[in-house]
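Observations on chain architecture
Residues per chain, in single letters:
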Amino acid sequence: MDSFLQQLINGLTLGSIYGLIAIGYTMVFGIIGMVNFAHGDVFMLSAFIALIIFMILTQILHLGSLPLAFVVVMVGAMALTGLWNWAIERLAYRPLRGSFRLAPLISAIGMSIFLSNFVQVVQGPRNKPAPQLPNHVFNLTGGTYDVTLSIRQILIMVMTIVLLVAFWYLVQHTSLGRAQRACEQDRKMAALLGIDVDATISITFVIGAALAAVAGVMFVIYYGVVNFADGFVPGVKAFTAAVLGGIGSLPGAVLGGLLIGLIEVFWSSYFTTDYKDVAAFMILAITLIFMPSGILGRPEVEKV
């Protein structure tokens, strides 16, 4: 039982990171119906940006306050990653928005390869370790197998919950959210009603990148190392989470991320780590066979 509880905590932590990335996928797909396959590499880029900012603050500027450094790293990573994603949308996606459906997909794959290779050239192919940070660990049980919960795990799960609530409120109860929902239903009609569709889509890309940046910061804090290849697999799993939870649904994206994280951790713990990725995608395939719209998704209604 203690082992089960420990793996449950680990799975929820990993799933929270997947959920943050998945929200970016589902927001972009919900508005323009395009899968931004470069989103995983934007997440990887944000992790490197966070690491560089942290190194500048602690090694060059000798900032001694870790809470202040954390806030500065978070804000800086969100701002710079959002700027990157705005440029990607402006240069690689917007010119192809009216072309045939495969063109934006090909452009997204090309942008993913570009970002991965760009970071490899700039930062090198080796793992980049982060400085060790204080991480208080709470012992929840006193049996033969201690169940632990660390400050980092609490921070990751709390940040996921707070951001999910914040962006759900933004989509449901603000003018920007109403513009996003209008563009999701019919971009041409939204434009005729005075909504700036291009600006709305650009802001959505920036928001998705900001969430990926939060996930990147959490990734660096939790694992303490980052590599240029760390964008592909988490990105694919986050997309799987978005589809599993119901693409277009923000709570569904986080729910899907938690499920993927739990499946991966429990499979690795009780079976073998060699097929943990296969297990996650197998659950996705089963879900799509019996629930094509995902767990919390709505059936797509074709406009005529």
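Heads up: the structure comes first, above all this text.
Predicted model, so just to flag it, every value in this text is computed and none were measured. (Residues numbered from 1 in each chain as written. Predicted model: local features only at pLDDT ≥ 70, side-chain atom pairs only at ≥ 80, totals over all residues. Heavy atoms only, no water.)

Some details on the pattern of salt bridges
The condition is simple: Basic side-chain nitrogens of Lys or Arg form a salt bridge, by our definition, when they fall within 4 Å of a carboxyl oxygen of Asp or Glu. Secondary structure elements follow DSSP: runs of H or I of four or more residues count as helices, runs of E of two or more count as strands, with numbering from the N terminus. Think of it in three bands: residues with accessible area under 20% of the maximum for their type are buried, residues over 50% are exposed, and the middle band is partly exposed, with areas taken using a 1.4 Å probe on protein chains only.
If you walk through the whole model with that rule in mind, you get seven salt bridges. For Arg-97, the salt bridge identified is with Asp-198, shortest N-O distance 2.6 Å. Placement of the pair is Arg-97 in the loop between helix H3 (66-93) and helix H4 (102-123) and Asp-198 in helix H8 (residues 197-223), with a sequence separation of 101 residues. Lys-237 is paired through a salt bridge with Asp-277; the nearest N and O atoms lie 2.5 Å apart. One end of the pair, Lys-237, is in helix H9 (residues 232-245); the other, Asp-277, is in helix H11 (residues 276-290), with 40 residues separating them in the sequence. Given the relative accessible area of 2%, Lys-237 is considered buried. Within the structure, one salt-bridge network assembled from shared partners comprises Glu-89, Arg-94, Arg-97 and Asp-198.

Some thoughts on a nonpolar patch on the surface
Applied cut-off: Patch definition: residues with relative accessible area over 30% and no salt bridge; like charges joined within 9 Å; nonpolar side chains (Val, Leu, Ile, Met, Phe, Trp, Tyr) joined within 5 Å. Under the convention used here, a 1.4 Å probe and the Shrake-Rupley method define accessible areas, while residue burial counts only the protein chains that appear.
Taken together, the side chains of Met-282, Ile-286, Ile-289, Phe-290, Met-291, Ile-295 and Leu-296 make up a nonpolar region of the molecular surface, amounting to roughly 680 Å² of accessible area. Structurally, Met-282 can be placed in helix H11. Since its relative accessible area comes to 41%, Met-282 is described here as partly exposed.

A look at H11
Two residues of an α-helix separated by three or four positions point the same way, owing to the 3.6 residues in each turn. To be explicit about the condition: Given the number of residues in a helix, its expected span is that number minus one, multiplied by 1.5 Å. Each direction from the helix axis to a C-beta atom contributes to the arc, which is the arc of those directions. By definition in these notes, contact holds between two residues if any of their heavy atoms fall within 4.5 Å.
Compared with the 21 Å implied by 1.5 Å per residue over 15 residues, the 22 Å span of H11 between its first and last C-alpha is a close match. Looking at H11, one finds that the buried residues are Ala-279, Ala-280, Leu-284 and Thr-287. Projected onto a plane normal to the axis of H11, the buried residues spread over an arc of 140° and lie on a single side. Contact partners of the buried residues in H11: H9 and helix H10 (250-270).

Digging into helix H1 (residues 2-32)
Between the first and last C-alpha of H1 there are 45 Å, a value that for 31 residues agrees with the 45 Å anticipated at 1.5 Å per step. Burial within H1 is extensive, with 24 of its 31 residues counted as buried. Gly-33 sits one or two residues past H1 and shows a positive phi near 65°.

Side note on the packing of helix H2 (residues 39-60) against H4
Operational definition: Lines fitted to C-alpha atoms define the axes here, with helix axes fitted over just the stretch in contact, and angles between the N-to-C directions of these axes take values from 0 to 180 degrees. Between 65 and 115 degrees an angle is taken as roughly perpendicular, under 35 as roughly parallel, over 145 as roughly antiparallel, and anywhere else as oblique. A clockwise turn of the near helix away from the far one marks a right-handed crossing, whereas an anticlockwise turn of less than a right angle marks a left-handed crossing. Three classes are used: nonpolar for Ala, Val, Leu, Ile, Met, Phe, Trp, Tyr, Cys and Pro, charged for Asp, Glu, Lys and Arg, and polar for all others, with Gly counted as polar.
Two numbers describe how H2 lies on H4: the axes approach to 9 Å, and their chain directions differ by 25°. In terms of axis orientation, H2 runs roughly parallel to H4. The handedness of the crossing between H2 and H4 comes out as left-handed. When H2 is examined against H4, the residues Asp-41, Val-42, Met-44, Leu-45, Phe-48 and Ile-52 are found in contact with a partner set consisting of Ser-112, Leu-115, Ser-116, Val-119 and Gln-123. Residue classes in the contact of H2 with H4 are distributed as seven nonpolar, three polar and one charged.

Section: the side chain of Asn-85
Along the polypeptide, Asn-85 turns up in helix H3. The class of Asn-85 is buried, set by a relative accessible area of 1%.

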